Amino acid sequence: MPRKRDPNRDKAFELFNKNAGNITNREIAKQLDVLEKTISAWKSRDKWNEKIGGVVRSTTKKKKRSTTKAKESSSRSVIREQVVNALVEAGTYSPALELLIELYLDAYEEYQEERTEKLRKELAKLLGQLGLDGKNKELIKKNGVLLAKESEEPKEKEEQEENNKLIQFRQRRMRGQ
């Protein structure tokens, strides 16, 4: 046996009809103290729009939510974090670089929209100004610690190799005489 029809269902249609369909589901729900989704279901099942004039209109005003801004800002923050971490790792981070980092992020976003050679070169230039272009040959990373490339150990090895080569050259010359 089916359930009894809710008396509010007919009252809701009367309100909708009285306002010629220019009332939101939320307002009807408030007046009758029922859920907005219930009004929406009744409206759909009973085809209220067709009953009052054949014109289907949306009476529920939906808020537009933009998720692209949130995604853009989150991807921007991820890239920002990567740049800052790279600078910290290289030992060159300074708060004075914040403006340059922002310029890089702006250029990066622009490059993502329109991939042109000009924008790619601009990105490379900004990375160079930040010191993240890989051209900083004075520093090498060894076991997580940055060292000057021209440290004492490599110089000593180079000098020993040169001495060995010089000795070998002299020995060959002596044999030839």
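Residues numbered from 1 in each chain as written. Predicted model: local features only at pLDDT ≥ 70, side-chain atom pairs only at ≥ 80, totals over all residues. Heavy atoms only, no water.

So, the packing of helix H6 (residues 98-113) against helix H7 (residues 117-130)
The condition is simple: Axes here mean lines fitted to C-alpha atoms, for a helix over just the part in contact, with angles spanning 0 to 180 degrees between N-to-C directions. Each helix corresponds to a stretch of at least 4 residues labelled H or I by DSSP, and each strand to a stretch of at least 2 residues labelled E; elements are numbered beginning at the N terminus. Reported orientations rely on four angle classes, namely roughly parallel under 35 degrees, roughly antiparallel over 145, roughly perpendicular from 65 to 115, and oblique for the rest. Note on convention: the crossing is left-handed when the near helix lies turned anticlockwise from the far helix by less than a right angle, right-handed when the turn is clockwise. Any two residues whose heavy atoms approach within 4.5 Å at even a single point are treated as in contact.
Interhelical geometry of H6 versus H7 gives an angle of 160° and a closest axis separation of 10 Å. Accordingly, the angle class assigned to the pair H6 and H7 is roughly antiparallel. For the element pair H6 and H7, the recorded crossing hand is left-handed. Packed against H6, whose contacting residues are Leu 100, Ile 101, Leu 103, Tyr 104, Ala 107, Tyr 108, Glu 110 and Tyr 111, the element H7 presents Leu 119, Arg 120, Glu 122, Leu 123, Leu 126, Leu 127, Gln 129 and Leu 130 at the interface.

Details of the confidence of the model for the protein
What counts is decided by this rule: pLDDT measures the predictor's confidence residue by residue and takes values from 0 up to 100.
Taken over all residues, the pLDDT of the protein has a mean of 77, while the share at 70 or more is 75%. The secondary-structure element of the protein with the lowest mean pLDDT is strand E1 (residues 139-142), recorded at 49, while helix H2 (residues 25-32) shows the highest, at 93.

As for a negative patch on the surface
To be explicit about the condition: Patch membership requires over 30% relative accessible area and the absence of a salt bridge. Like charges are linked within 9 Å, and nonpolar side chains (Val, Leu, Ile, Met, Phe, Trp, Tyr) within 5 Å. Accessible areas in this description were obtained via Shrake-Rupley with a 1.4 Å probe; residue shielding takes into account the shown protein chains only. A side-chain nitrogen of Lys or Arg and a carboxyl oxygen of Asp or Glu constitute a salt bridge if their distance falls within 4 Å. Only four residue types enter the tally: Lys and Arg on the positive side, Asp and Glu on the negative side; His and the chain ends are excluded. The atoms used to mark charge sites are NZ of Lys, CZ of Arg, CG of Asp and CD of Glu.
On the surface, a cluster of negative charge is contributed by Glu 110, Glu 113, Glu 114 and Glu 122. By the secondary structure assignment, Glu 122 is in helix H7.

Here's the deal with the pattern of salt bridges
To keep it simple, the criterion reads: Throughout, exposure labels follow a simple rule: accessible area from a 1.4 Å probe, protein chains only, divided by the maximum for the residue type, with under 20% read as buried, over 50% as exposed, and the rest as partly exposed.
One pass over the structure, following the stated rule, counts ten salt bridges. With its nearest N and O atoms 3.1 Å apart, the salt bridge here joins Glu 36 to Arg 26. One end of the pair, Glu 36, is in helix H3 (residues 36-45); the other, Arg 26, is in helix H2, and ten residues separate them in sequence. Residue Glu 117 pairs with Arg 120 through a salt bridge whose shortest N-O separation is 2.5 Å. One end of the pair is Glu 117 and the other is Arg 120, both in helix H7 and three residues apart, which spans about a single turn. Overall, the relative accessible area of 38% leaves Arg 120 in the partly exposed class. One salt-bridge network, in which partners are shared between bridges, spans Arg 76, Arg 80, Glu 98, Glu 102, Asp 106 and Glu 109.

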